[in-house]
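Structural description and commentary
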Amino acid sequence: MTDRESWPRDWSVEQLHADHAQALRITAEFYDSATAHQRLRVFENPTFGRVMTLDGVVQVTEADNFIYHEMLTHVPILAHGAARRVLIVGGGDGGMAREVLKHQGVAQLTMVEIDGTVVDFCKSHLPSISAGAFDDPRLDLVIADGADFMRMNADLYDVIIIDSTDPVGPGEVLFTNSFYGHAKARLAPGGILVTQNGVPFMQGAELSNTMRAFRALFADATCYLATVPSYAGGAMAFGWGTDGRARDVDLATLQSRFAASAIMTDYYTPAVHLGAFALPPYVARLIG
Ligand code: AG3
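No experiment lies behind these values; they were computed from the predicted model shown.

Moving on, we get to the sheet that holds strand β13 (residues 236–242). Spatial strand order, β9-β8-β7-β10-β11-β13-β12: seven strands in an open sheet with mixed pairing. Both outer strands of the open sheet, β9 (139–143) and β12 (220–226), are each paired with one neighbouring strand and no more. Within this sheet the neighbouring strands show an average axis-to-axis angle of 15 degrees, counted without direction. Looking at chain direction, strand β7 (residues 85–90) and strand β10 (residues 157–163) are connected through five bridges and run parallel. What sits directly across from Gly90, in β10, is Asp163. Contacts from helix α1 (residues 65–80) reach β10, β11 (187–196), β12 and β13, with the element oriented near 165 degrees to β11. The strands touched by helix α7 (residues 204–217) within the sheet are β11, β12 and β13, with β13 carrying the most contacts at an inclination of about 5 degrees.

Encoded structure:
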């Protein structure tokens, strides 16, 4: 009972890790097809709502995507305090853009997604994830390889968000030292880079490798945590790199910035923000 074929057909089975699988029951199937870059599937699950997988790995669910998207946007943007230009690499479902654009101070959002099919598909089959973000005039959507864009582009950003898949397939280059170096070069003074860095209990090496690269590049390099039920295996880690002091922001400052933004959230609060940087020893050891 170890191979995918031995599971019942109405379950979507994710085998991202060698010794562990996650199965979600499929009550309706909306799409299952290969794009030029990966296999894209969308189905309904009673607990998670619509679920999108890429190459069998859960990327976004209607029910719990708020946790991931709120924590990769409001943490760096509110810590920064005056972010006007934001860059997302990946993020084809539009959930990250949705949260970034809730900040009225953000004047320009560039999103670089490698797979145009994911964007088109999510607009029509998962509209609740982007919730209109693709129609916002502040959004500049670029369909291109994120690594090429980072190497060639000359603009500077206050916040850069890497909303990638795991380091297998098209997402792999987004976890390399040279990519992180190019990303750093695109940060304005005081700018912050945040990354999706996997579930450290299951993917410790991924976090250790990114943190080694971040320590070589940034004055302040760490990670912060949030638990996303559909990313199985415990808390997920988000990489944080900056040469500025945004991590020192205090609770009162965050509270006044958050109140001024008038953004409604279901996971993020200023206290959750600060608490997310408290690392249990098993994670602290992984980041060195
Ligand atoms: N991208 C992150 C998926 C990570 C899943 N990894 C895992 N379970 N270890 C999500 C894209 C949402 N915009």
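Here the focus is the packing of aromatic side chains. In total, this model carries twelve aromatic pairs according to the counting rule given. A ring pair is formed by Phe201 and Tyr282, whose centres lie 6.3 Å apart and whose planes are at 75 degrees; its orientation type is edge-to-face. In this pair, Phe201 sits in the loop between β11 and α7 while Tyr282 sits in helix α10 (residues 281–287), placing the two residues 81 residues apart along the sequence. An aromatic cluster is present here, built from Tyr68, Tyr224, Tyr231, Phe238, Trp240 and Phe277 joined pairwise through their rings. Between the NZ or CZ atom of Arg50 and the centre of the ring of Phe30, over which it lies, the distance is 3.9 Å. A cation over a ring is seen here: Lys123 above Phe134, with NZ or CZ 5.3 Å from the ring centre.

Here we take up the environment of Ala278. Checked against the element boundaries, Ala278 lands in the loop between α9 (270–275) and α10. Between the alpha carbons of Ala278 and Tyr224 there is a distance of 7.3 Å; along the sequence they are 54 residues apart.

Parameters at a glance
Residues numbered from 1 in each chain as written. Predicted model: local features only at pLDDT ≥ 70, side-chain atom pairs only at ≥ 80, totals over all residues. Heavy atoms only, no water. Pairing = 2+ DSSP bridges. Helix = DSSP H or I, 4+ residues; strand = E, 2+ residues; numbered from the N terminus. Axes fitted to C-alpha atoms, helices over the stretch in contact; angles between N-to-C directions. Contact = heavy atoms within 4.5 Å. Phe/Tyr/Trp six-rings, centres within 6.5 Å; stacked < 30°, edge-to-face > 60°. Lys NZ or Arg CZ within 6 Å of the ring centre and 35° of its normal.

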